[in-house]
Amino acid sequence: MDTSLEKISDPTLAEMGKNLKEAMRMLENSQRIEEENGKKLISEDIPGPLQGSGQDMVSILQLVQNLMHGDEDEEPQSARIQNIGEQGHMALLGHSLGAYISTLDKERLRKLTTRILSDTTLWLCRIFRYENGCAYFHEEEREGLAKICKLAIHSRYEDFVVDGFNVLYNKKPVIYLSAAARPGLGQYLCNQLGLPFPCLCRVPCNTMFGSQHQMDVAFLEKLIKDDIERGKLPLLLVANAGTAAVGHTDKIGRLKELCEQYGIWLHVEGVNLATLALGYVSSSVLAATKCDSMTMTPGPWLGLPAVPAVTLYKHDDPALTLVAGLTSNKPADKLRALPLWLSLQYLGLDGIVERIKHACQLSQRLQESLKKVDHIKILVEDELSSPVVVFRFFQELPGSDPGFKALPVPSTAPAAVSRERHSCDALNRWLGEQLKQLVPVSGLTVMDLEAEGTCVRFSPLMSASVLGTRGEDVDQLVTCIQSKLPVLTCTLQLREEFKQEVEGTAGLLYVDDPNWPGIGVVRYEHANDDKNSLKSDPEGEKIHSGLLKKLNELESDLMFKMGPEYKSMKSCIYVGMASDDVDVSELVETIAVTAREIEENSRLLENMTEVVRKGIQEAQVQLQKANEERLLEEGVLRQIPVVGSVLNWFSPVQASQKGRSFNLTAGSLESTEHTYVYKIQGTGVTPPPTPSGTRSKQKLPGQKPFKRSQRGSDAVSETSSASHIEDLEKVEQLSGGLEHSSLAAHCPECPAGAPAPQASQAEALQNKAQHPGGDHPQMGKPGSRDLRFSQPVNSHL
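Please read all numbers here as calculations on a predicted model, not as lab measurements.

What counts, and at which threshold
- Residues numbered from 1 in each chain as written.
- Predicted model: local features only at pLDDT ≥ 70, side-chain atom pairs only at ≥ 80, totals over all residues.
- Heavy atoms only, no water.
- Helix = DSSP H or I, 4+ residues; strand = E, 2+ residues; numbered from the N terminus.
- Buried < 20%, exposed > 50% of the residue type's maximum accessible area, 1.4 Å probe, protein only.
- Contact = heavy atoms within 4.5 Å.
- Areas by Shrake-Rupley, 256 points an atom, 1.4 Å probe, with all protein chains shown as cover.
- Pairing = 2+ DSSP bridges.
- Axes fitted to C-alpha atoms, helices over the stretch in contact; angles between N-to-C directions.
- Right-handed = clockwise from strand over helix to strand, strands pointing away.
- Salt bridge = Lys/Arg side-chain N within 4 Å of Asp/Glu carboxyl O.
- Patch = residues over 30% accessible without salt bridge, like charges linked within 9 Å, V, L, I, M, F, W, Y side chains within 5 Å.
- Disulfide = S-S within 2.5 Å.
- 1 Å grid on protein atoms, 1.4 Å probe; cavity = no way out; pocket = protein on both sides within 12 Å on 5 of 7 lines; lining within 4 Å.
- Points joined across faces, edges and corners; volume = space filled by probe spheres on them.
- Nonpolar A, V, L, I, M, F, W, Y, C, P; charged D, E, K, R; others polar.
- Phe/Tyr/Trp six-rings, centres within 6.5 Å; stacked < 30°, edge-to-face > 60°.

### Regarding the overall build of the protein
Summing up its helical and strand segments, the protein has 25 helices and 18 strands in all. The buried share of the protein, taken over its 797 residues, is 42%. The contacts of the protein with a sequence gap of at least 6 include a subset with a gap of at least 24, amounting to 70%. Here the protein displays about 44,700 Å² of accessible surface, and carbon together with sulfur accounts for 53% of that area.

### Considering the sheet that holds strand S10 (residues 445-449)
Read across the sheet, four strands follow the order S8-S9-S11-S10 without closing on themselves; strand pairing throughout is antiparallel. Whereas interior strands pair on both sides, the edge strands pair on one side only; in this sheet they are strand S8 (376-378) and S10. Strand-to-strand twist in this sheet, taken as the mean axis angle between neighbours without regard to direction, amounts to 35°. Taken together, the five bridges between S10 and strand S11 (residues 453-458) define a ladder with antiparallel strand orientation. Bridged to Leu449 within S11 is Gly453. The sheet strands contacting helix H16 (residues 338-370) are S8, strand S9 (389-393) and S11, and the helix crosses S9 at an angle near 30°. The strands that helix H19 (residues 471-503) touches are S8, S9 and S11; relative to S9, the one it contacts most, it runs at about 25°.

### Let's talk about the pairing of strand S3 (residues 200-203)
Residues of S3 alternate between two faces, with Cys201 and Val203 buried on one and Leu200 and Arg202 left unburied on the opposite face. Examined bridge by bridge, strand S2 (residues 173-178) and S3 share four bridges and lie parallel to one another. Paired with Tyr176 across the two strands is Cys201, which belongs to S3. As a crossover connection, the stretch from S2 through helix H9 (residues 185-193) into S3 is right-handed.

### What about the pattern of salt bridges?
Pairing between side chains becomes possible if they bear opposite charge and their charged atoms approach one another. A full pass over the atoms with the stated rule returns 16 salt bridges. Glu141 is the salt-bridge partner of Arg182, the closest N and O atoms lying 3.5 Å from each other. In this pair, Arg182 is assigned in the loop between S2 and H9 and Glu141 in the loop between strand S1 (134-138) and helix H6 (143-156), connecting sequence segments 41 residues apart. Its relative accessible area of 35% is what places Glu141 among the partly exposed residues.

### As for a nonpolar patch on the surface
Residues Ile640, Val642, Val643 and Val646 make up a contiguous nonpolar surface patch of about 330 Å² in total accessible area. Position of Ile640 relative to the elements: it lies in the loop between helix H21 (584-634) and helix H22 (641-650). Look at Ile640 and you get partly exposed, because its relative accessible area is 37%.

### With respect to the environment of Ala274
With respect to the secondary-structure elements, Ala274 resides in the loop between strand S5 (265-269) and helix H12 (283-286). Judged by its relative accessible area of 0%, Ala274 falls in the buried class. Each C-alpha atom, one on Ala274 and one on Pro387, is 9.2 Å from the other, the two residues being 113 residues apart in sequence. When neighbours within four sequence positions are excluded, Ala274 is seen to be in contact with Phe128, Trp301, Ile356 and Leu461.

### Looking at the state of the cysteines
Scanning the entire structure with this criterion turns up zero disulfides. Considering cysteine sulfurs only, Cys199 is the nearest to Cys190, which forms no disulfide, with 6.5 Å between them. What makes Cys199 buried here is its relative accessible area of 5%.

### A look at empty space enclosed by the protein
Across all of its chains, the model carries three cavities of 30 Å³ or more by this definition. Roughly 50 Å³ of internal volume is contained in the second largest cavity. Lining the second largest cavity are 10 residues, and of these Arg523, Asp537, Gly540, His544 and Ser571 sit closest to its centre. Contributions of two or more residues to the lining of the second largest cavity are made by strand S13 (520-524) and helix H20 (538-553). Take the lining of the second largest cavity: its biggest share by element is three residues, from H20. Class assignment for the residues of the lining of the second largest cavity results in one nonpolar, four polar and five charged.

### Notes on the packing of aromatic side chains
This structure, assessed with the given rule, holds five aromatic pairs. Aromatic side chains Phe165 and Tyr169 sit 6.5 Å apart centroid to centroid with 40° between the ring planes, which places their arrangement in the tilted category. Note that Phe165 and Tyr169 are positioned in helix H8 (residues 165-170) at a spacing of four residues, about one turn of the helix. The partly exposed category is assigned to Phe165, whose relative accessible area is 49%. Here Trp516 and Tyr574 contribute two aromatic rings whose centre-to-centre distance is 5.0 Å and whose plane-to-plane angle is 65°, an arrangement assigned as edge-to-face. Within this pair, whereas Trp516 is found in the loop between strand S12 (508-511) and S13, its partner Tyr574 is found in strand S15 (residues 571-575), the two being separated by 58 residues in sequence. Across this residue pair, the class does not change: Trp516 and Tyr574 are buried.

### Observations concerning the sheet that holds S1
With respect to topology, seven strands assemble into an open sheet ordered S1-S7-S6-S5-S4-S2-S3, the strand pairing being mixed. Edge strands, defined here as strands with exactly one partner in the open sheet, are S1 and S3. The mean angle between the axes of side-by-side strands here comes to 20°, regardless of whether they run parallel or antiparallel. Strand contacts of H9: S2, S3, strand S4 (233-240) and S5, with the helix running at about 155° to S2, the strand carrying the most contacts.

So far we have only geometry, and geometry alone does not tell us how the molecule works.
This is the structure in structure tokens:
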């Protein structure tokens, strides 16, 4: 047994601490404990884990570990796992102790729970400067506000206990919430209190002066006066000391004066309340100590797992707090404070202040670093005391002041400005996801704001103690942001060029997808494409699938993917992020040419099947006719087996080889007489040249596709052009000489002869001139596009 546990006289408590320490060691260990080889009999009625005499502690913990981390064959998940230190072990020990303490006798249990509750309440009020307050501990963070609303109703409606809803019906209560409050808070309160939604009043934020995430105090006063004139009762106001989105703090001092004037209960919540434990506190947050109640979450602030939230409030009537549910006589309710009671003692005041101060320093460090980074806008730049940093990537609008940072785009903005706003939102979403993967300990979150758009939030108070974020991690985060900025700016600039190139290319359709962060989305319109239909197109999907395969085979730096269109089910190609050296014109042309070749090859294969089938039928008919003519020519006697052999011996027939060949290029039947007489296969019609791009550029060795030409490439282009012209001149000279030469120059081994060597050289040069990148695909393969089938004269069909 550990020496520290030997000092504990209670053997049960010592054993509990030992078991908890052993359990934590096993759960945090990455190695898996092998299962026992012995198998027990399995019954059909009793589940497996409950069979027999039960499982031992090791097997149960092994099961819990497998459920937490998954099986070994599963892919590792990217979910962040909380870093549980010694203070976390103390919080977990509190839950085990709570179960053990509940077994004590009632009198001792009452004294112990009262001591724990009173100590924790006193410590929290002293640490966060909330004098003479009471505390309510709850698991659900919003539960404390719901209990406060019940207390406010009982305080303002004296006959509510007797008359109930009739009192509320005669004078409806009104709860005021900021427009920047966390989503779903108003609906939760109405559901818990049994109030209709008209009892909620949404207070807008500032529109002209001040932060756009702070409550408009003047407008709130106007709303209160209007509700009083309509016979309603202003009941409660929920203010923010750090909004859920960007961490802005309302003007709590001015709101407190307004609430005292009209008798309204003021409740404050937000992450900035943690700064009350520091030596220096901003005046706006310090005013929260004068409010009627506040809700805090010390668990994430201090890195404590399974610690309840706390609502501090001030009220003198114990009966009303008991009716509202803020106090309870049950020991189990009082024991909710036990994990926090243990953890606060373990950390001490210095440890608590150090963790909160460290989180604030991280946010200030990131904020100061981002001010020096171009194309990054900080949303809480005017609040240096806020421990939340919200930023986003932005691009200066055309014609705007270079020193002016882009403001939120209104709904009536031009289409070009609105499109750029949506493009920036997609890029910010991509940036946030990339940063979360590169620096997972930063605890970044991506969120969408109504006015600013998509932003990235860094809230170290809610994640630093949990994930163990350090100052080096913030520096790494800034470095990653700077490394991603060139890609973001270039991609945003190339979007318009990509759109113009696609719209100017025949057969391509530009797809405007605001959620795609890459260069753009393009769709190839084939011949049978129904432009008015939004349904899936099998032929188009086949073409785009082949196009995606071809593009990925090029091994470029761009990322391609195929998916359905933004507003329909038709397939299209998504082009990913790009750098500044991407040749957009070459990219679009490659997409168009490749897609067109895939469509032509697919159509050629389909047509070839039908043409070959008809050609075979026609060849069979002609061969049948030739066979009948042979019968008439030879006579009936020659068809008799014995007589025909004797007759052919005395008078042989001079038979000629007749057959048919099918030319795929011309799509026609040809006689095979030339093949049997001259012992050479005819070339037929010259196949058309393979289609290629009009802008095909010669690449340097090792240069990837879609890269702009670097310095020194002009000399290479001039050299290749000169060589190309010389080849064409040689072809013309050789062709002119062949026209005047004798056509009787043939190979001595063949009856008709093969082309002269000079002609072969001319053909090779002509092929090289037409295809500088390589030989013609059909060169040197005579008749390779002809499918030949022949029938000799003496054969029987």
